[in-house]
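# Reading the structure
Chain by chain, the residues run as shown.
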Amino acid sequence: MLREITIRQMHFDDIDNVYALEVRFFPNPWPRSFFEHDLVAKKTIAFIVECEKEVVGYSLASCNDGKFHITNIAVTKECQRKGIGTELMHRLERIALDRDCTYAYLEVRTDNTAAIKMYENLGYAISHRQRLYYINGDDAYVMNKELR
Ligand SMILES: CC(C)(COP(=O)(O)OP(=O)(O)OC[C@H]1O[C@@H](n2cnc3c(N)ncnc32)[C@H](O)[C@@H]1OP(=O)(O)O)[C@@H](O)C(=O)NCCC(=O)NCCS
C-alpha cells in the first residue's frame with residue numbers, strides 16, 4: 001500500500017522524535033543539545049519527513065559565508081531506497097542556492113557505502129579523507145559539489 005510521505009520544516013517540538021531516531025541510526029549520535037542549538041540558529045535549514053504522522057527521516061544543514069554544510073541526514077530502514085534521501089538533498093540544495101551558497105560539502109564515514117553512493121549520484125565527489133573525524137576514531141571522507 002502506498003503511504004503518504006510529507007516533508008516539512010523541523011520545529012523545536014520535533015526534537016524528541018528526531019533524537020529517538022538519531023540514537024538508532026548512528027554509532028556516535030549527536031547529543032540532543034546539537035539539535036536544540038541548530039534549530040535556533042538562523043543559518044540552519046532543517047527538514048523532517050513524516051509518514052502518516054510518524055517521523056521517518058530528517059536532514060540538517062547550514063549556510064555560512066557562501067558555503068553550504070550538510071550536517072545530518074537519515075531515513076528509517078523501512079523507508080530507505082524510495083528516493084527520500086535524494087529528495088531531502090534536493091530541497092536543501094534549493095534553499096542553499098536561494099541563500100547564495102554555491103559550494104556544498106559534507107562528511108561521511110568512509111565505510112558508509114549507501115550514503116556515499118547517494119552523494120555520488122547527486123554529483124558530490126570525495127575531496128579528501130579526514131582522519132579521526134568521528135569521536136570513536138572513525139575517519140570521514142569530505143565530499144563536495146559546486147551548486148548551480
Ligand atoms: C544515506 C540515506 C540517508 C539514504 O536515504 P534513502 O532515502 O535510502 O536514499 P535514496 O532512496 O534517495 O537513495 C539514493 C541512492 O543512494 C544509493 N543507496 C541508498 N541506499 C543504499 C544502499 N543501502 N546500498 C547501496 N546503495 C544505496 C542508491 O544508489 C540509491 O539509488 P537507487 O535506490 O535508485 O539505487 C539512508 O541510507 C540512511 O538514513 N542511512 C543511515 C544514516 C546515514 O548513514 N546517514 C548519512 C550520514 S553521512
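The coordinates are above.
This text gives an overview of the structure that appears in the document.

We now examine the pairing of strand β4 (residues 67-75). Burial of β4 is extensive: 7 of the 9 residues sit out of reach of the surface. Relative to β4, strand β3 (residues 54-64) is paired through 8 bridges, and the arrangement is antiparallel. Paired with A61 across the strands is I70, a residue of β4. By the bridge criterion, 4 bridges tie β4 to strand β5 (residues 103-109) in an arrangement that is parallel. Its bridge partner lying in β5, I70 is registered against L106. With helix α3 (residues 84-98) bridging β4 and the parallel β5, this β-α-β connection has right-handed handedness.

Relative to the 21 Å expected for 15 residues at 1.5 Å per residue, α3 spans 21 Å between its end C-alpha atoms, a close match to the ideal helical length. Among the residues of α3, those classed as buried are I84, G85, L88, M89, L92, E93 and A96.

Over the atoms a probe the size of a water molecule is rolled, and this reveals where empty space is left. Of the pockets and cavities examined, the largest pocket occupies roughly 1400 Å³. As for the largest pocket, its lining consists of 42 residues, of which F26, I73, N112, A115 and Y119 are closest to the centre. The set of elements that each furnish at least two residues to the lining of the largest pocket consists of α1 (15-25), α2 (32-40), β4, α3, β5 and α4 (113-121). With 7 residues, β4 is the single largest residue contributor to the lining of the largest pocket. By residue class, the composition of the lining of the largest pocket is 23 nonpolar, 10 polar and 9 charged.

This brings us to the site of the ligand. Near the ligand you find 20 residues, and of these I73, V75, G83, T86 and N112 are the closest. At 2.8 Å, a backbone N or O of R81 approaches an oxygen atom of the ligand. At 2.9 Å from an oxygen atom of the ligand is found a side-chain nitrogen or oxygen belonging to N121. About the coverage of the ligand: the protein hides 75% of its 920 Å² of free accessible area. The dominant element in the shell around the ligand, judged by the number of residues it contributes, is α4, at 6 residues. A class-by-class count of the residues in the shell around the ligand yields 10 nonpolar, 6 polar and 4 charged.

Below, the discussion takes up the sheet that holds β4. Strands sit in the order β1-β2-β3-β4-β5-β7-β6 across an open sheet of 7 strands; the sheet is mixed. Each edge of the sheet is formed by a strand with only one pairing partner; in this case those strands are β1 (5-9) and β6 (125-130). The average undirected angle you get between the axes of adjacent strands in this sheet is 25°. Sheet topology note: the β1/strand β2 (residues 44-51) ladder contains 5 bridges and is antiparallel. When the bridges of β2 are listed, I5 appears paired with C51. Contacts from α1 reach β2, β3 and β4 within the one sheet, and its direction differs from that of β3 by about 90°.

A word on the environment of F34. With respect to the helices, strands and loops of the structure, F34 is situated in helix α2. Measuring from C-alpha to C-alpha, the distance between F34 and R94 comes to 24 Å, with 60 residues separating the pair along the chain.

All right, on to the side chain of N72 then. Among the structural elements, N72 can be located in strand β4. A distance of 3.0 Å separates a polar atom in the side chain of N72 from a polar atom in the side chain of E22. Setting aside chain neighbours within four positions, we find N72 in contact with E22, F26, W30, F35, Y58, S59 and L60.

Criteria and cut-off values
Residues numbered from 1 in each chain as written. Predicted model: local features only at pLDDT ≥ 70, side-chain atom pairs only at ≥ 80, totals over all residues. Heavy atoms only, no water. Buried < 20%, exposed > 50% of the residue type's maximum accessible area, 1.4 Å probe, protein only. Helix = DSSP H or I, 4+ residues; strand = E, 2+ residues; numbered from the N terminus. Pairing = 2+ DSSP bridges. Right-handed = clockwise from strand over helix to strand, strands pointing away. Expected span 1.5 Å × (residues − 1). 1 Å grid on protein atoms, 1.4 Å probe; cavity = no way out; pocket = protein on both sides within 12 Å on 5 of 7 lines; lining within 4 Å. Points joined across faces, edges and corners; volume = space filled by probe spheres on them. Nonpolar A, V, L, I, M, F, W, Y, C, P; charged D, E, K, R; others polar. Near = heavy atom within 4 Å. Polar contact = N/O pair within 3.5 Å; in protein donor to acceptor, adjacent residues only side chain to side chain. Areas by Shrake-Rupley, 256 points an atom, 1.4 Å probe, with all protein chains shown as cover. Axes fitted to C-alpha atoms, helices over the stretch in contact; angles between N-to-C directions. Contact = heavy atoms within 4.5 Å.

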